[in-house]
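One-letter residues, chain by chain:
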Amino acid sequence: ETVADGGESILDIATANIGNSNRRRLKVHYRSEHESLIAFSNHYFYDGELTIFPSPSPTSSRVDLGVYLQDTDGLFVNKENLIEANAIVDAIFAHAKRYESFETAPSLGVATFNRQQADLIETVLYARSNQDPAAARILSKYESRTDAPLFIKNLERVQGDERDVIFISYTYGPSEVGGRVAQNFGPINLETGWRRLNVLVTRAKQQVRVFSSMRHGDISADVGRKGRIAMRNYLQYVDEGVLPDHGKIDNRREPDSDFEISVANALANFGV
C-alpha cells in the first residue's frame, strides 16, 4: 500500500519507485485509421513525437473517418443533460440501422464527462428499447457482440477501451437557454484532468463524434487549469478543424531515407 500511495496510475507508481533514467516513450501510433483522431493529443500531450500513418481517403471506409461535431443545444441540470442524452441515443440507433450486418458493423462506444450522464444515456437507451421491439433487437445484437460490445462509460472508466466509432457526450452546458456555462467540469478541473481528456479522445479507431451543448468560447481559458484549457481547445479543434495556436493539421513528415521514398513510390503504383 505504501508503494501506491499518491500514485494516480501504474506509470506514476513505477516512475516514483524506479525513476526516470530508463524511461522511454512508445512513438509509433497504430490505433487511429485517420490522422485527425490522434493529431490533437500528438500536438498537446506527446510533443508531436508520434509517428502517424498517412490517412486513407474518408470515402474508402465503412464510416466517415475523422472527427465531427454535433451541436445539441442541451441544458445541464442536476449534473445531467437530457437533450444531449436523447441525441446520442438517436445516433446509436441510426448507426445500427445504417448497417445490414451486425457482425461487420463498426463497433461503437459512448463516453461521457461524468457518471451521471453515462447512467442517463443508458436509462434513455433502455427506455427506448422497451417501447420499440425493433430497437430492442438492435440493442441486443450490439450488446451481445463478443468482439466489441457497445459500452457507455464516463471518462474515468474508458482507459484501455477502444472501438471503431466513439460518441463523446461533452455533457456540460448552460442550465437555462441563453445562460452562462458554469466552469465546474468535475475531474477535468483537477491538476491531472488533461490526462483523463487525453484518454477520452483517443479511444476511436475510425471516427469520433462529439455531441456538445456549448461552444469552445463558453469555456474559460484560465491558464492555471491545463485540463480545462485542453477541454476548450479540443472542442475548438473538433469544430474548426485546426489546432489552436498551431493551425491546420498536418502530421505527415518528409521521408528519412531513399528507402522510404522507394516504398512510397511502390505503394503509389499499386494505387495505395
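Here, the structure is the one placed above.
Criteria and thresholds
- Residues numbered from 1 in each chain as written.
- Predicted model: local features only at pLDDT ≥ 70, side-chain atom pairs only at ≥ 80, totals over all residues.
- Heavy atoms only, no water.
- 1 Å grid on protein atoms, 1.4 Å probe; cavity = no way out; pocket = protein on both sides within 12 Å on 5 of 7 lines; lining within 4 Å.
- Points joined across faces, edges and corners; volume = space filled by probe spheres on them.
- Nonpolar A, V, L, I, M, F, W, Y, C, P; charged D, E, K, R; others polar.
- Core = buried A, V, L, I, M, F, W, Y, C linked by side-chain atoms within 4.5 Å.
- Buried < 20%, exposed > 50% of the residue type's maximum accessible area, 1.4 Å probe, protein only.
- Helix = DSSP H or I, 4+ residues; strand = E, 2+ residues; numbered from the N terminus.
- Contact = heavy atoms within 4.5 Å.
- Pairing = 2+ DSSP bridges.
- Axes fitted to C-alpha atoms, helices over the stretch in contact; angles between N-to-C directions.

Would you take a moment to explain the layout of surface pockets for this structure?
In this structure, the largest pocket encloses a volume near 1200 Å³. Lining the largest pocket are 30 residues; nearest its centre among them are Leu-11, Tyr-46, Gln-159, Asn-198 and Val-199. For the lining of the largest pocket, a count of residues per class yields 12 nonpolar, 6 polar and 12 charged.

What is the right way to look at the nonpolar core in this model?
Here is a general trend for soluble globular proteins: nonpolar side chains tend to be buried in one another's company. Phe-113, Ile-168, Tyr-170, Leu-197, Met-214, Met-231 and Tyr-234 are the most contacted members of the largest nonpolar core, which has 34 residues in total. Looking at this core, the elements that each hand over two or more residues are helix 2 (36-44), strand 6 (163-169), helix 6 (193-200), strand 7 (204-212) and helix 7 (226-240). With 6 residues, helix 7 is the largest single contributor of residues to this core. For Phe-113, the contacting residues outside a window of four places in its chain are Leu-155, Ile-168, Ser-169, Tyr-170, Thr-171, Tyr-172, Pro-187, Ile-188, Leu-197, Leu-200 and Met-231. Counting residues in hydrophobic clusters, the runner-up holds 28 residues, among them Ala-105, Ala-118, Leu-120 and Val-165.

For this particular structure, what's the right way to read the sheet that holds strand 3 (residues 66-71)?
The strands making up a sheet associate through backbone hydrogen bonding, with each pair oriented either parallel or antiparallel. One open sheet accounts for 5 strands, arranged 3-7-6-4-5; its pairing is parallel. The open sheet terminates on both sides in strands that have one partner only, identified here as strand 3 and strand 5 (151-154). Strand-to-strand twist of the sheet, defined as the mean angle between neighbouring strand axes without regard to direction, takes the value 20°. Relative to strand 5, strand 4 (residues 108-112) is paired through 4 bridges, and the arrangement is parallel. Residue pairing across strands places Gly-109 opposite Phe-151, the latter belonging to strand 5. Helix-sheet contacts for helix 4 (residues 115-131) involve strand 4, strand 5 and strand 6, and the interaxial angle to strand 5 is about 155°.

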